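Report on the structure
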Amino acid sequence: MKRLALLCGTLLLFAGMASAQDEAPKVEAFGGYSYLRVNPGFGAPGLNFNGGSGSLAYNFTPMLGVVADFGGYHWSQSGVDATAVSYLFGPKLALRHGPITPFAQVLFGGAHASGDFSGLICPSARVRPQVSGCSVSGSDNAFAMAAGGGVDWNATTHIGIRLIQAEYLMTRFASETQNNVRVSTGVVFRW
């Protein structure tokens, strides 16, 4: 009789765990603030970009999903403006345990960088510089890859808070590797 009660209790426990896993969301949408530390390479100092990122994840199972991640970041100082945009895609692993969901992901895609400089004095082919001012701009596309993870706190069944998402973000502009760091936080909606 004790064995039967133990067996029934064990089956109920596993059935409860299985039904909790069935309640994992099929779709997750994230949006929030992102800080991007850009190391441009070529001996230049690092730059602090601020912006936002968003992602859409489809979960095949409670643990495995696929993510589309997009971000836009901006930096400006002394007449120089720079903007970076990332578009990345890849797999995501999540451990859904109660109100906390840690996850890891590896994403591949591209990045676009653009910038412009506006100065008061620009040199010309003549001996005297032009005083009217000038503007120089440019842009480039490159391969990008991100690897990292984060932790979501599930406030309700459909709304969560991404406490932190930290990633290594590698880009390949001008045939040189840039080793960057991206940290994000925001809100997650689940269906």
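Residue positions are given per chain, counting from 1 as you read along its sequence in written order. Given that the model is predicted, a residue must reach a pLDDT of at least 70 before its local features are reported, and side-chain atom pairs must reach 80 or more before they are shown or counted; all residues, however, enter totals for whole chains, interfaces and linings. To get the side-chain values, take all heavy atoms of the structure and skip hydrogens and water.

**Comments concerning the nonpolar core**
Applied cut-off: Definition of nonpolar core: a set of buried residues of the types Ala, Val, Leu, Ile, Met, Phe, Trp, Tyr and Cys, connected through side-chain atoms within 4.5 Å. Three exposure classes are used, based on accessible area relative to the maximum for each residue type with a 1.4 Å probe and protein chains only: buried under 20%, partly exposed in between, and exposed over 50%. Runs of E in the DSSP output that reach at least two residues are strands. Runs of H or I that reach at least four are helices, and both are numbered from the N terminus. Only heavy atoms matter for contacts: two residues are in contact if any of them lie within 4.5 Å across the pair.
Among the nonpolar cores identified, the biggest contains 17 residues, and Leu36, Phe49, Tyr73, Leu88, Leu107, Ala146 and Leu169 are the most heavily contacted of them. Looking at this core, the elements with two or more residues in it are strand E1 (27-38), strand E2 (47-59), strand E3 (64-77), strand E4 (80-94), strand E5 (100-119), strand E6 (134-153) and strand E7 (159-173). Sequence-distant contacts of Ala146, that is, excluding residues within four places in its chain, are made with Leu88, Gln105, Val106, Leu107, Glu167, Tyr168 and Leu169.

**Overview of the side chain of Ser184**
Put simply, the test is: Under the rule applied, a polar contact is a pair of N or O atoms within 3.5 Å (in protein, one hydrogen donor and one hydrogen acceptor; residues adjacent in sequence only if both atoms are side-chain atoms).
Among the secondary structure elements, Ser184 is positioned in strand E8 (residues 176-190). Within polar-contact distance, the side chain of Ser184 engages the side chain of Ser34 at 2.6 Å. Those residues in contact with Ser184 that lie beyond four places of it in its chain are Phe30, Tyr33, Ser34, Ser53, Ile164 and Gln165.

**A closer look at the sheet that holds E1**
Our working definition: Here, any two strands with at least 2 DSSP bridges between them count as paired. Lines fitted to C-alpha atoms define the axes, with helix axes restricted to the stretch in contact, and inter-axis angles between N-to-C directions lie between 0 and 180 degrees.
Pairing in this closed barrel of eight strands is antiparallel, and the strands run E1-E2-E3-E4-E5-E6-E7-E8 around the ring. Adjacent strand axes in the sheet meet at a mean angle of 25 degrees when their direction is disregarded. As defined by bridge partners, E1 adjoins E8 across 10 bridges and the pair is classed as antiparallel. Note that in E8 the partner of Glu28 across the bridge is Arg190.

**Re the environment of Trp191**
You can see Trp191 is positioned in the segment after E8. Overall, the relative accessible area of 57% leaves Trp191 in the exposed class. Separated by 162 residues in sequence, Trp191 and Ala29 place their C-alpha atoms 8.8 Å apart. When sequence neighbours within four positions are dropped, the list of residues in contact with Trp191 reads Pro25, Lys26, Val27, Ala29 and His158.

**What to know about the pattern of salt bridges**
This is how the line gets drawn: Salt bridges are identified by distance alone: a Lys or Arg side-chain nitrogen within 4 Å of an Asp or Glu carboxyl oxygen.
Going through the model one piece at a time under the given rule, you end up with seven salt bridges. The salt bridge involving Asp69 is made with Arg182; its shortest N-O contact spans 2.9 Å. Highlighted residues: Asp69 in strand E3 and Arg182 in strand E8, separated in sequence by 113 residues. Its relative accessible area of 1% is what places Asp69 among the buried residues. Among the salt bridges present, the one from Arg190 reaches Asp152, with a minimum N-O distance of 3.3 Å. Here the residue Arg190 occupies a position in strand E8, and Asp152 occupies one in strand E6, the gap between them amounting to 38 residues. Of the two residues, Arg190 and Asp152, neither departs from the other in class, the shared state being buried. What you see here is one network of salt bridges that share partners, running through Glu28, Lys92, Arg96, Asp152, Arg162 and Arg190.

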